[in-house]
Amino acid sequence: CVLLTSLKLEQHLVTLDADKVSFPLTYRLCEKGDRFYPFGMKGSKLVSDYLTDRKRNVVQKMGQHVITDSQGEIVWLVGERTSDRSKITDQTQIILEIELVQNNEKQRIKGFSIAGALLVVILAVLGYWIYSCLNPSKERVMAARATIKA
């Protein structure tokens, strides 16, 4: 059997030990506090720390997908690395192959959605800043009145 553990060769295809994975699998976005056991490393690591080490920016981190098993354990940080806990060994009986198939048009729309969401966040922060400058709080108004009266 061929062991595809280097995602540089095939970022859309991984092989795992099927007996070490509990089904069903779930494909979802990474969540805050997610941990996984990176292939070839001892112990677990926060996904956000792993992605920071890989020089990923905030937008890339927000769009990172994972595949989890029925226990919620990450078996694949999609496009990055598989879990060391589900790696293929000499004792492997059944190999599970997972291939991610993407539609390029949908991927572009998704990328635009993330950029659009980031723009909305920036505009919301800018709008709040403008609002707070134009509409001072009660404390500021009272302080200004007290200064004028004095």
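Now for a look at the structure at hand.

What counts, and at which threshold
- Along each chain, numbering runs from 1 in the same order as the chain's sequence is written.
- The model is predicted, so local features are restricted to residues of pLDDT at least 70 and side-chain atom pairs to those at 80 or more, both for listing and for counting; the totals for chains, interfaces and linings are taken over all residues.
- Excluded from the side-chain calculation are hydrogens and water; included are all heavy atoms of the structure.
- Here the nonpolar core consists of buried residues drawn from Ala, Val, Leu, Ile, Met, Phe, Trp, Tyr and Cys, with membership extended through side-chain atoms lying within 4.5 Å.
- Residue exposure (1.4 Å probe, protein chains only): buried if accessible area is under 20% of the type maximum, exposed if over 50%, otherwise partly exposed.
- Strands are runs of DSSP state E lasting at least 2 residues, helices are runs of H or I lasting at least 4, and numbering of each runs from the N terminus.
- Strand pairing requires that DSSP identify at least two bridges connecting the strands.
- Each polar contact in these results corresponds to two N or O atoms within 3.5 Å; when the atoms are within protein, one needs to be able to donate a hydrogen and the other to accept it, and residues that are neighboring in sequence are counted only if both atoms are side-chain atoms.
- Pairs of residues are marked as contacts when any of their non-hydrogen atoms sit within 4.5 Å.

Examining the nonpolar core
Okay, step 1: Formed by V14, L16, A18, V21, I67, V75, W76, V78, L96, I98 and L100, the largest nonpolar core amounts to 11 residues.
Okay, step 2: Only β1 (13-17), β6 (74-77) and β8 (95-99) provide two or more residues apiece to this core.
Okay, step 3: Core analysis: the second largest hydrophobic core is formed by eight residues, Y50, L51, V66 and L77 among them.

Observations concerning the sheet that holds strand β5 (residues 65-68)
Okay, step 1: Spatial strand order, β2-β5-β6-β7: four strands in an open sheet with antiparallel pairing. At either end of the open sheet lies a strand with only one pairing partner, and these are β2 (26-29) and β7 (81-82).
Okay, step 2: With four bridges joining them, β2 and β5 adopt antiparallel strand pairing. Following the sheet pairing, Y27 is matched in β5 by I67.

A closer look at the side chain of D34
Okay, step 1: Residue placement: D34 occurs in the loop between β2 and β3 (35-36).
Okay, step 2: Given the relative accessible area of 11%, D34 is considered buried.
Okay, step 3: Side chain to side chain, D34 and R28 meet in a polar contact 2.9 Å long.
Okay, step 4: Separated by 2.8 Å, the side chain of D34 and the backbone nitrogen of E31 make a polar contact.
Okay, step 5: Not counting residues up to four positions away in its chain, the partners in contact with D34 are R28, K45, L46, V47 and I74.

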